[in-house]
Amino acid sequence: MLDKTALTQVINEALQGTDMFLVQLSVSRDNIVDVQLDSNTSINIDDCVMVNNAVLDAFDRDIEDYELTVGSYGITSPLLVPRQYEKNLGEDVEVLTADGRKLKGTLTGCDESGFTISTLKKVKVEGKKRPEMQPVAIVLKYDEIKYTKIIIKF
């Protein structure tokens, strides 16, 4: 089986100097390698071919046979790495927390440990009979969620 750490290093070296980054890398027991890339701008077929060729150059298929797929991470797929959160600041997101709550809001901040969304919530205002909708910041850790997805607007 191909070494995932070595593969990651080769892919990251191939991506240096670009705005692309590795989102997901999987290697099955049968040596089926799946590479998913993302970018701050866009990814085209030539970008995928460039990464594909870098892996083929680094890992000789005559020594160890493997199947390789390189593609761009889908826009409807959940965010997986902090850099995707950074790239999507200002976008509306849907978050499913580990405890089953579904939250919708605008992605307003992120760092290596978690992210913040701004959402409207009913808040009891002193001196008023009824609660009012007001913006509230919700801070979440990456390990407290099941997924975060971008809300696609048509």
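Refer to the structure printed above.
Residues numbered from 1 in each chain as written. Predicted model: local features only at pLDDT ≥ 70, side-chain atom pairs only at ≥ 80, totals over all residues. Heavy atoms only, no water.

(A) View of helix α1 (residues 4-15). Its 12 residues give α1 an end-to-end C-alpha distance of 16 Å, which sits within 8% of 16 Å, the value for a rise of 1.5 Å per residue. The complete set of buried residues in α1 reads L7, V10, I11, A14 and L15. Relative to the axis of α1, the buried residues are bounded by an arc of 135° and lie together on one face. Along its buried surface, α1 packs onto β1 (20-27), β2 (32-39) and α2 (45-58). Two residues or fewer past α1, G17 is found with a positive phi of approximately 85°. (Helix = DSSP H or I, 4+ residues; strand = E, 2+ residues; numbered from the N terminus. Expected span 1.5 Å × (residues − 1). Buried < 20%, exposed > 50% of the residue type's maximum accessible area, 1.4 Å probe, protein only. Arc of directions from axis to C-beta. Contact = heavy atoms within 4.5 Å.)

(B) Looking closely at the sheet that holds strand β6 (residues 114-123). As summarised here, the arrangement of the five strands in space is β7-β6-β5-β4-β8, forming an open sheet in which the pairing is antiparallel. Since the sheet does not close on itself, it has two edges, and those belong to β7 (132-141) and β8 (145-150), each with one partner. Geometrically, the sheet is characterised by an average inter-axis angle of 40° between neighbouring strands, direction not taken into account. Across 10 bridges, β6 lies against β7 in antiparallel orientation. In the strand pairing of β7, G114 is matched with K141. (Pairing = 2+ DSSP bridges. Axes fitted to C-alpha atoms, helices over the stretch in contact; angles between N-to-C directions.)

(C) Inspection of the pairing of strand β3 (residues 67-72) at higher detail. Two strands pair when backbone bridges link them, and β2 and β3 are joined in this way by six bridges, in the parallel orientation. If you follow D34 over to β3, its bridge partner there is T69. Considered for its hand, the β-α-β crossover made up of β2, α2 and β3 is right-handed. (Right-handed = clockwise from strand over helix to strand, strands pointing away.)

(D) Quick peek at the pattern of salt bridges. All told, the structure shown has five salt bridges when counted by the stated rule. When the shortest N-O distance is used, the salt bridge between E94 and K102 registers 4.0 Å. For E94, a relative accessible area of 15% translates into the label buried. Across the salt bridge formed by R101 and D99, the nearest N and O atoms sit 3.2 Å from each other. Look at R101 and you get partly exposed, because its relative accessible area is 40%. Overall, D99 belongs to the exposed group, its relative accessible area being 58%. (Salt bridge = Lys/Arg side-chain N within 4 Å of Asp/Glu carboxyl O.)

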